[in-house]
Protein chains: 4
Amino acid sequence: MNIAFIGLGNMGAPMARNLLKAGHSLNLFDLNQTVLAELAALGGTISASPRDAAQGAALVITMLPAAAHVRSVWLGEDGVLAGIAAGTPAVDCSTIDPQTARDVAAAAARQGVAMADAPVSGGTGGAAAGTLTFMVGATPELFATLQPVLGQMGRNIVHCGEVGTGQIAKICNNLLLGISMVGVSEAMALGDALGIDTQVLASIINSSTGRCWSSDTYNPWPGVIETAPAARGYTGGFGADLMLKDLGLATEAARQARQPVILGAVAQQLYQAMSQRGEGGKDFSAIVNSYRKSQQDL
Amino acid sequence: MNIAFIGLGNMGAPMARNLLKAGHSLNLFDLNQTVLAELAALGGTISASPRDAAQGAALVITMLPAAAHVRSVWLGEDGVLAGIAAGTPAVDCSTIDPQTARDVAAAAARQGVAMADAPVSGGTGGAAAGTLTFMVGATPELFATLQPVLGQMGRNIVHCGEVGTGQIAKICNNLLLGISMVGVSEAMALGDALGIDTQVLASIINSSTGRCWSSDTYNPWPGVIETAPAARGYTGGFGADLMLKDLGLATEAARQARQPVILGAVAQQLYQAMSQRGEGGKDFSAIVNSYRKSQQDL
Amino acid sequence: MNIAFIGLGNMGAPMARNLLKAGHSLNLFDLNQTVLAELAALGGTISASPRDAAQGAALVITMLPAAAHVRSVWLGEDGVLAGIAAGTPAVDCSTIDPQTARDVAAAAARQGVAMADAPVSGGTGGAAAGTLTFMVGATPELFATLQPVLGQMGRNIVHCGEVGTGQIAKICNNLLLGISMVGVSEAMALGDALGIDTQVLASIINSSTGRCWSSDTYNPWPGVIETAPAARGYTGGFGADLMLKDLGLATEAARQARQPVILGAVAQQLYQAMSQRGEGGKDFSAIVNSYRKSQQDL
Amino acid sequence: MNIAFIGLGNMGAPMARNLLKAGHSLNLFDLNQTVLAELAALGGTISASPRDAAQGAALVITMLPAAAHVRSVWLGEDGVLAGIAAGTPAVDCSTIDPQTARDVAAAAARQGVAMADAPVSGGTGGAAAGTLTFMVGATPELFATLQPVLGQMGRNIVHCGEVGTGQIAKICNNLLLGISMVGVSEAMALGDALGIDTQVLASIINSSTGRCWSSDTYNPWPGVIETAPAARGYTGGFGADLMLKDLGLATEAARQARQPVILGAVAQQLYQAMSQRGEGGKDFSAIVNSYRKSQQDL
């Protein structure tokens, strides 16, 4: 299939690579010439603009950093909607606010283009390995069309409802994740301060009602989970600044809906303090260090 | 075995019943004459005081509402320590602060009595069914002695470390539980307000990084989990006032240790507001109603 | 002086009226034809667009609801910058984020227009009475130029620094105000619950270290301050939804600066819960009702 | 007058000194022999116990660190109530929880002793200078009796209501104070991060609706108020650990009353984090440093 792929950053580039491997021909666009050259060497075709990439494509995929980029890549003068043919399926995989996802899809619909939002989880590792989860907001027909292609970049392709619900699913999950990680950090640090062995505490929590992914799979306390970022100095996971971005999307969407998210807002501020201290590049589980008297002891 | 069992409330009475069924002879004490008569009819012997109950017992078990009761039942003039023989194993199953557990155990140790703390989880249902979890703080020797008897009242008998660590494990787990439930409530209510189907949202969370017991087993949103209190009007589970008690123990222990527990403190206040509104008797998952515009719609 | 005045809502209309009274001739623009007709009857001239209003004006003033309006009124095809002459002083009195204020001023500067931001406090009452406070971000020269005209609409004209600092001053003050009001509410409600007379408590606070405008001038407890909204059913003051707007600006500016504002974020969520309950139109001091067991008692 | 004065710490000793200067004869008790010798050298009489001090005294005053000390000094075997004559007025100036104040006063009443609670504000400086504020919970008759003597140790003697209300007034005021100081810290740090001059910001706040004692008298930002602890490295004011004690009393009293205090609970945790970092001895306004990217820059 001839696919337009726009946005070739840390996530987009490995995703495009998997589509090339699967035998698709790609029209590529990005501002970064180096990555364009790399992917062209693997068989892709370099386009002059999103408009140019979209022309003649049987499917358009975008993967961009934030809502402003999505608006300009889709709605701009040289944007996708200026080049795409009516009837072409389209999907944006960026993580952005649900309202922008709906606005851009509505603009696409006005010229006969069915568009989905499909933010991912799984990180750069999942993008490279082709094991991402896609949370897809689309009509049932569009979902059926997209599923095989998304399945060449990911493992779980989940239909969340109509357009925008992919973003909603992602920000609600990550709101809870951000809170849970702080909760586990408080529980582990309190237990340590009170004198229980943290390995024992984690094993009790993990077989009890406190059980959660942030404790049993990604425990922030060093020494509890060997494969977690806590075991390697909080490197190489999901950066606190990315969590901060997602919590920002969640609290902003909540603000627009007049929906209170009290713990979510506090958690956001705690990651913000971490970022202010210059630790936004560490894995988000390093938030546990805000609660530890002496990190040096470990 | 001749066991002194003191404290026959909603938890203690069914626990004592299971020990009678297992063939032990019990010296019983409580202020409630009705429950004493009931258990005497099942073969127990009524004692005049904790001291009286402890005299001649081969094991002493207490199950009391709060730290003040534990202090008076053990350390009072007619208390357990006034009657117990040196060398007798002893265990308090109340949920109290770790410091009181340690203080009382230290007093017991001064007269040659090894004492454990062993708070439980599993509620009145688990107490009746003999499926409680015991979180035990004790020396390895005492734990080995207690394990078979506790096993007649519960299913998981977990050794947490030295005396006091049973309480620590319980309050740390419940601190996290109290936070997680609020987190799930915020995520579900936000998703609903933004327009995703709550069943779909829960299923995404439950197979993703937001996964936790509060979502996959006890989801607060009506209609998600058929066996959860949310499906039956928030009745019959773990009351918000009990969660409030445990969060009070956690934040008070944290205060004494100068250990911040920010989300825990906020969660405590949210359950406190629920209790102030007269809803402390509902299951703690009813906290979700603080986040819903119109509970009436369901 | 010939002044362009754009944005004639609840604040803008009485401000324009005061300028007409002071003898200025006004080029008026708004989407609301009724208010345009009213002000034309007082001597103003109706313009066809912001561009039209700005042409030939010796000063341009705008007073708009939010940043999006400011951008379109100034930067749009028919916007102020399309009509204004180089060298004309300009001021935007809207309450918006500091970054937009700076961006629009930078665009103005590129065509030789010195622009100030000058958000106000004092509400519709102050606008009508000409007693507003203007917090002005401008060069010293521009401030000197604007001061006499602003002084015809307000009483305190404060120079905060360069462009953008007017907005910063306003959102920082209102961040603190939003927090203080919740703080006073918690202190008064706690005192009442514990059994002290609330009049006595307020008088102690007001002569002690808890003293603040939210307590001594605008106390949220009914019966304490006769002139406060609490004495008239929380009507006619500064609406909770306006406070919510300002806290939204503050936390969003903080997010962009990676600056934590923990209590500010919690306060925002509490007003958001109030707004969700349908009480966003009440004075913001009605937040005290979130803390009272039975509002009915008063 | 022959006065028993028990508790001669940092506050009690200078208070007792002022009573000696005013010509009273004092029966003194403390565990610290050094301070007893010092005050004996000024004319006081050393007693063997609180009971001994109370015998023959025309008034009993106590000034103790915490509720446990108040209980033992008044209710213990050698306590005040074992020695005091019926009809003798009595006052405890400690800062403790209202319930203990009421309990001890009830015990006193049972043997014909009218007792007041009268916690102070003003710190060790005020104690030495005789300028303390006393917040007095007492019957009108007892208040009238105590007022002249308290007036020899302080400047403002405020009648708050019946016994216990002195404590309530103090903890409610300090709850608000603790919140306000965090609020001012957030507002000043946000303003600084966004680029306004902090002197200008403080002056705007201080003449606007954000005005409060924590900003206009005790501003935490260095350089704003010359007499504030911020101007001298956060030394010599009201220590963060003392604020932490008072917030602990407030949230504990709120817990017992099922009264939510959300911002109060968060503020407590923030001071707790400060204390955990080893900065509990600094003035409480040093909480601002939790919000500053680089304290070193000043």
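Rules and cut-offs
Residues numbered from 1 in each chain as written. Chains lettered and ligands numbered in written order. Predicted model: local features only at pLDDT ≥ 70, side-chain atom pairs only at ≥ 80, totals over all residues. Heavy atoms only, no water. UniProt positions renumbered as here; feature names shortened; annotations may be inferred. Least-squares fit on C-alpha atoms with pLDDT ≥ 70 in both. Contact = heavy atoms within 4.5 Å. Pairing = 2+ DSSP bridges. Helix = DSSP H or I, 4+ residues; strand = E, 2+ residues; numbered from the N terminus. Right-handed = clockwise from strand over helix to strand, strands pointing away. Buried area = accessible area lost by both parts, 1.4 Å probe. Salt bridge = Lys/Arg side-chain N within 4 Å of Asp/Glu carboxyl O. Buried < 20%, exposed > 50% of the residue type's maximum accessible area, 1.4 Å probe, protein only. Phe/Tyr/Trp six-rings, centres within 6.5 Å; stacked < 30°, edge-to-face > 60°. Lys NZ or Arg CZ within 6 Å of the ring centre and 35° of its normal. Patch = residues over 30% accessible without salt bridge, like charges linked within 9 Å, V, L, I, M, F, W, Y side chains within 5 Å. Areas by Shrake-Rupley, 256 points an atom, 1.4 Å probe, with all protein chains shown as cover. Lys, Arg positive; Asp, Glu negative; His and termini not counted. Charge placed at Lys NZ, Arg CZ, Asp CG, Glu CD. Domains from an automatic or database assignment. Polar contact = N/O pair within 3.5 Å; in protein donor to acceptor, adjacent residues only side chain to side chain. Core = buried A, V, L, I, M, F, W, Y, C linked by side-chain atoms within 4.5 Å. Expected span 1.5 Å × (residues − 1). Arc of directions from axis to C-beta. Disulfide = S-S within 2.5 Å.

- In the annotation of an unreviewed UniProt entry, the entry for chain A reads 3-hydroxyisobutyrate dehydrogenase, and the organism field reads Pseudomonas marvdashtae.
- Annotation of chain A in UniProt includes, under Catalytic activity (unreviewed entry), the sentence "3-hydroxy-2-methylpropanoate + NAD(+) = 2-methyl-3-oxopropanoate + NADH + H(+)".
- The Sequence similarities (unreviewed entry) comment attached to chain A in UniProt states, word for word, "Belongs to the HIBADH-related family."

Section: the relation of the copies chain A and chain C
One copy of the chain maps onto the other through a rotation about an axis plus a displacement along that axis.
Turning to step 1, where the next piece is worked out: In the superposition of chain A on chain C (RMSD 0.0 Å, axial shift 0.0 Å), the rotation amounts to 180°. In symmetry terms, the pair is related by a two-fold rotation axis. Among all C-alpha atoms of chain A, that of Ala265(A) lies closest to the rotation axis, at 3.0 Å.
Turning to step 2, where the next piece is worked out: Same-surface contact between copies: 100% of interface residues of chain A are shared with the interface of chain C.

Some thoughts on the pairing of strand E9 (residues 154–161) of chain C
Each regular strand shows side chains that alternate between the opposite faces of the sheet.
Residues and elements named next belong to chain C.
Turning to step 1, where the next piece is worked out: In terms of strand pairing, strand E8 (residues 132–137) meets E9 through six bridges, oriented parallel. Each residue of the ladder has a partner; that of Leu132, found in E9, is Gly154.
Turning to step 2, where the next piece is worked out: Taking the sense of rotation as the criterion, the β-α-β connection linking E8, helix H8 (residues 140–150) and E9 turns out right-handed.

Quick word on the interface of chain A and chain C
Turning to step 1, where the next piece is worked out: Facing 19 residues of chain A, the contacting portion of chain C comprises 19 residues.
Turning to step 2, where the next piece is worked out: Carbon and sulfur atoms supply 58% of the area that chain A and chain C bury against each other, a total of about 1,600 Å² over both sides.
Turning to step 3, where the next piece is worked out: The largest share of the area that chain A buries against chain C comes from Arg258(A), Gln269(A) and Gln272(A), three residues that together contribute 36% of it.
Turning to step 4, where the next piece is worked out: On inspection of chain A and its partner chain C, the count reaches two salt bridges.
Turning to step 5, where the next piece is worked out: A salt bridge links Asp241(A) to Arg258(C); the nearest nitrogen and oxygen atoms lie 2.9 Å apart.

So, the UniProt feature "active site" (unreviewed entry) in chain A
Residues and elements named next belong to chain A.
Turning to step 1, where the next piece is worked out: According to UniProt, the "active site" (unreviewed entry) feature falls on Lys170.
Turning to step 2, where the next piece is worked out: A relative accessible area of 10% means that Lys170 is categorised as buried.
Turning to step 3, where the next piece is worked out: Those residues in contact with Lys170 that lie beyond four places of it in its chain are Thr95, Pro119, Val120, Met135 and Asp246.

Considerations on the packing of aromatic side chains
Turning to step 1, where the next piece is worked out: Counted by the stated rule, this structure contains 16 aromatic pairs over all chains.
Turning to step 2, where the next piece is worked out: Here Trp213(A) and Tyr218(A) contribute two aromatic rings whose centre-to-centre distance is 4.6 Å and whose plane-to-plane angle is 20°, an arrangement assigned as stacked.
Turning to step 3, where the next piece is worked out: The buried category is assigned to Trp213(A), whose relative accessible area is 16%.
Turning to step 4, where the next piece is worked out: Each residue in the set Trp213(A), Tyr218(A), Phe238(A), Tyr271(A) and Phe284(A) is aromatic and connected to the rest through ring pairs, giving one cluster.
Turning to step 5, where the next piece is worked out: Its guanidinium or amino end placed over the ring of Trp221(B), Arg292(B) lies 4.2 Å from that ring's centre, counting from NZ or CZ.

Some remarks on a positive patch on the surface
Turning to step 1, where the next piece is worked out: Side chains of Arg277(B), Lys282(B), Arg277(C) and Lys282(C) sit close together on the surface and give a patch of like positive charge.
Turning to step 2, where the next piece is worked out: Inspection of the secondary structure assignment puts Arg277(C) in the segment after helix H13 (262–276).
Turning to step 3, where the next piece is worked out: On the accessibility criterion, Arg277(C) (44% relative accessible area) is partly exposed.

Section: the domain arrangement of chain A
All names here are of chain A.
Turning to step 1, where the next piece is worked out: For chain A, the assigned domains read domain 1 (2–162) and domain 2 (168–297).
Turning to step 2, where the next piece is worked out: Here the C-alpha centroids of domain 1 and domain 2 sit 30 Å apart.
Turning to step 3, where the next piece is worked out: On the side of domain 2, nine residues touch domain 1, which itself brings eleven residues to the contact.
Turning to step 4, where the next piece is worked out: Note on domain 1 versus domain 2: buried area summed over both sides is about 760 Å², and carbon and sulfur give 69% of it.
Turning to step 5, where the next piece is worked out: Among the residues of domain 1 in contact with domain 2, Thr95, Pro98 and Met135 are the three that bury the most area, contributing 52% of the side total.

A look at the side chain of Asn18(B)
Turning to step 1, where the next piece is worked out: When you line up the elements, Asn18(B) lands in helix H1 (residues 12–21).
Turning to step 2, where the next piece is worked out: The contacts of Asn18(B), once residues within four sequence positions are left out, are Ala127(B), Ala128(B), Ala129(B), Gly130(B) and Gln152(B).

With respect to the pattern of salt bridges
Residues and elements named next belong to chain A.
Turning to step 1, where the next piece is worked out: Counted by the stated rule, this structure contains 24 salt bridges over all chains.
Turning to step 2, where the next piece is worked out: For the salt bridge of Arg51 with Asp78, the shortest nitrogen-to-oxygen distance reads 3.7 Å. You can see Arg51 sitting in helix H3 (residues 50–54) and its partner Asp78 sitting in the loop between helix H4 (67–75) and strand E5 (90–92), a full 27 residues away along the chain.
Turning to step 3, where the next piece is worked out: A relative accessible area of 33% places Arg51 in the partly exposed class.

A word on the relation of the copies chain A and chain B
Turning to step 1, where the next piece is worked out: Note on the copies: chain A fits chain B at an RMSD of 0.1 Å, the axial shift is 0.0 Å, and the rotation between them is 180°.
Turning to step 2, where the next piece is worked out: Of the interface residues in chain A, 100% have counterparts in chain B that sit at the interface too, so the contact is made through matching surfaces.

Brief notes about the interface of chain A and chain B
Turning to step 1, where the next piece is worked out: Counting residues at the interface gives 55 residues for chain A, matched by 55 residues for chain B.
Turning to step 2, where the next piece is worked out: With both sides pooled, the region where chain A packs onto chain B buries about 4,700 Å², and carbon together with sulfur makes up 70% of that total.
Turning to step 3, where the next piece is worked out: Broken down residue by residue, the surface that chain A buries against chain B is led by Leu194(A), Thr209(A) and Leu263(A), which jointly contribute 15%.
Turning to step 4, where the next piece is worked out: In this assembly, chain A and chain B are joined by two salt bridges.
Turning to step 5, where the next piece is worked out: Counting every contact that joins chain A to chain B gives 22 residue pairs in polar contact (both at pLDDT 80 or more).

A look at the nonpolar core
Turning to step 1, where the next piece is worked out: Ranked by size, the top nonpolar core spans 212 residues in total, and within it Tyr271(A), Tyr271(B), Tyr271(C) and Tyr271(D) carry the most contacts.
Turning to step 2, where the next piece is worked out: For Tyr271(C), the contacting residues outside a window of four places in its chain are Gly178(C), Met181(C), Val182(C), Met243(C), Leu244(C), Leu247(C), Phe284(C) and Ile287(C).

Re helix H8 (residues 165–194) of chain B
Residue and element names in this part refer to chain B.
Turning to step 1, where the next piece is worked out: Helix length check: H8, at 30 residues, gives a terminal C-alpha distance of 43 Å against a target of 44 Å (1.5 Å per residue), a fit within 8%.
Turning to step 2, where the next piece is worked out: Judged by how many residues are buried, H8 sits mostly within the fold: 28 of 30 residues are covered.
Turning to step 3, where the next piece is worked out: Gly195 occupies a position one or two residues after H8 and carries a positive phi of about 110°.

Thoughts on helix H7 (residues 140–150) of chain A
Residues and elements named next belong to chain A.
Turning to step 1, where the next piece is worked out: Of the residues making up H7, those classed as buried are Leu142, Phe143, Leu146, Val149 and Leu150. The buried residues of H7 occupy an angular sector of 125° when projected down its axis, which confines them to one face. Turned more than 90 degrees off the buried face of H7, the exposed positions are Pro140, Glu141 and Pro148.

Points about the state of the cysteines
Turning to step 1, where the next piece is worked out: Within the structure shown, the criterion is met by zero disulfides over all chains.
Turning to step 2, where the next piece is worked out: You can see Cys93(C) has no disulfide; the closest cysteine sulfur is in Cys160(C), sitting 12 Å from it.
Turning to step 3, where the next piece is worked out: Overall, the relative accessible area of 0% leaves Cys93(C) in the buried class.
Turning to step 4, where the next piece is worked out: The cysteine Cys160(D) is free of any disulfide, with Cys172(D) supplying the nearest cysteine sulfur at 10 Å.
Turning to step 5, where the next piece is worked out: Classification of Cys160(D) as buried rests on a relative accessible area of 2%.

Examining the pairing of strand E2 (residues 25–29) of chain A
All names here are of chain A.
Turning to step 1, where the next piece is worked out: Within E2, four of the five residues are buried, leaving the element largely enclosed by the surrounding structure.
Turning to step 2, where the next piece is worked out: Here strand E1 (residues 2–6) runs beside E2; their pairing, made up of five bridges, is parallel. Paired with Ile6 across the strands is Phe29, a residue of E2.
Turning to step 3, where the next piece is worked out: Where E2 and strand E3 (residues 45–46) come together, two bridges link them in parallel fashion.

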